[in-house]
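Residue-level structural notes
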Amino acid sequence: MVTAVGFDLDGTLFDDRQYVRAGLKAAARALESRTGVDAREDLLKAYFRRDIREGTFDHVLDARDLSPDLVPELVAAYHDHDDDLVAYPETVPVLESLDDYRLGLLTGGTNGGEKLERLAIASYFDAVVVTADGDATKRDPEPFRELCDALDVEPSEMAYVGDRPELDFARPNDLGMYTVRVMKGQYADVAPESDPEEPDATIDSLAALPGLLRRRASPE
């Protein structure tokens, strides 16, 4: 029986493309200040139109014949921005409706704790694990076990809700959690590459989660 619900953050509780867009603009400002080169449109186009989501800075710097040594500075600027973040409209109502469950959050994103504060949803969670603050990642079972321990539940008593097959379901599935994929955000069209990445259930919106959990607890 599920008594706790763990959530991913980026893409699951808010559209993280707003964080990416603001971060790329901040990095562009840092680059222009340092080199005089305005690469804002190049960065946005590389990430959002050409789907270069890994090595975005390397790609644009190379195209502009700029030193790759600038990458750490751009990464720092990317994560140091403090633009407002807005949760999905359904996020707060869903979190409020799950008052019968212990709620946890496990995110691999940098600044996970700060994002929660900026989204004004930190108070809904009984436990928060940010893998960027430790040695393990969501590709490892340890952070998921840590979240279970913090909530005082067994993995079989937890549902884990995420949006990205590559990171959000393989380890929870291995541990025996009930996994739920929200088909929103920038990874909505990404198909699982292997059976371990397949969630137990999929929903089009977080708003469908409470009903899904009720039906699972009381099957007809």
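The shown structure was predicted, so the numbers you read here are calculated from the model rather than taken from an experiment.

**Remarks on the sheet that holds strand E2 (residues 102-107)**
- With parallel pairing, the six strands of this open sheet are ordered in space as E3-E2-E1-E4-E5-E6. With partners counted over all chains shown, the strands left at the sheet margins are strand E3 (127-130) and strand E6 (201-203), one partner each. Averaged over all neighbouring strand pairs, the angle between strand axes comes to 20°, with direction disregarded.
- Contacts from helix H10 (residues 209-217) reach strand E1 (4-7), strand E4 (158-162), strand E5 (178-182) and E6, with the element oriented near 150° to E5.

**What about a negative patch on the surface?**
- Together, Glu 146, Asp 149, Asp 152 and Glu 154 give the surface a local cluster of negative charge.
- Note on placement: Glu 154 falls in the loop between helix H7 (142-151) and E4.

**Observations regarding the nonpolar core**
- The biggest cluster of nonpolar side chains holds 51 residues, and the ones touching the most others in it are Phe 7, Phe 125 and Leu 209.
- Looking at this core, the element that brings in the most residues is helix H1 (residues 17-35), giving seven residues.
- Counting residues in hydrophobic clusters, the runner-up holds 13 residues, among them Leu 106, Ala 127, Leu 151 and Tyr 160.

**Quick look at the packing of aromatic side chains**
- Per the stated rule, a full pass over the model turns up five aromatic pairs.
- Seen in terms of ring centroids, Tyr 19 and Tyr 78 are 5.9 Å apart; in terms of plane orientation they differ by 80°. Their pairing is edge-to-face. Remark: Tyr 78 occurs in helix H4 (residues 71-80) and Tyr 19 occurs in helix H1; sequence separation between them is 59 residues.
- Judged by relative accessible area, which is 14%, Tyr 78 ranks as buried.
- Ring centres 5.2 Å apart and planes at 85° place the aromatic pair Phe 144 and Tyr 160 in the edge-to-face group. Within this pair, whereas Phe 144 is found in helix H7, its partner Tyr 160 is found in strand E4, the two being separated by 16 residues in sequence.
- Overall, the relative accessible area of 0% leaves Phe 144 in the buried class.
- Residue Tyr 160 is classed as buried on the basis of its relative accessible area, which comes to 0%.
- Taken together, the ring pairs connect Tyr 19, Phe 57 and Tyr 78 into an aromatic cluster.
- The ring centre of Tyr 187 lies 5.0 Å from the NZ or CZ of Arg 53, which sits over that ring.

Basis of the calculations
- Residues numbered from 1 in each chain as written.
- Predicted model: local features only at pLDDT ≥ 70, side-chain atom pairs only at ≥ 80, totals over all residues.
- Heavy atoms only, no water.
- Pairing = 2+ DSSP bridges.
- Helix = DSSP H or I, 4+ residues; strand = E, 2+ residues; numbered from the N terminus.
- Axes fitted to C-alpha atoms, helices over the stretch in contact; angles between N-to-C directions.
- Contact = heavy atoms within 4.5 Å.
- Patch = residues over 30% accessible without salt bridge, like charges linked within 9 Å, V, L, I, M, F, W, Y side chains within 5 Å.
- Areas by Shrake-Rupley, 256 points an atom, 1.4 Å probe, with all protein chains shown as cover.
- Salt bridge = Lys/Arg side-chain N within 4 Å of Asp/Glu carboxyl O.
- Lys, Arg positive; Asp, Glu negative; His and termini not counted.
- Charge placed at Lys NZ, Arg CZ, Asp CG, Glu CD.
- Core = buried A, V, L, I, M, F, W, Y, C linked by side-chain atoms within 4.5 Å.
- Buried < 20%, exposed > 50% of the residue type's maximum accessible area, 1.4 Å probe, protein only.
- Phe/Tyr/Trp six-rings, centres within 6.5 Å; stacked < 30°, edge-to-face > 60°.
- Lys NZ or Arg CZ within 6 Å of the ring centre and 35° of its normal.

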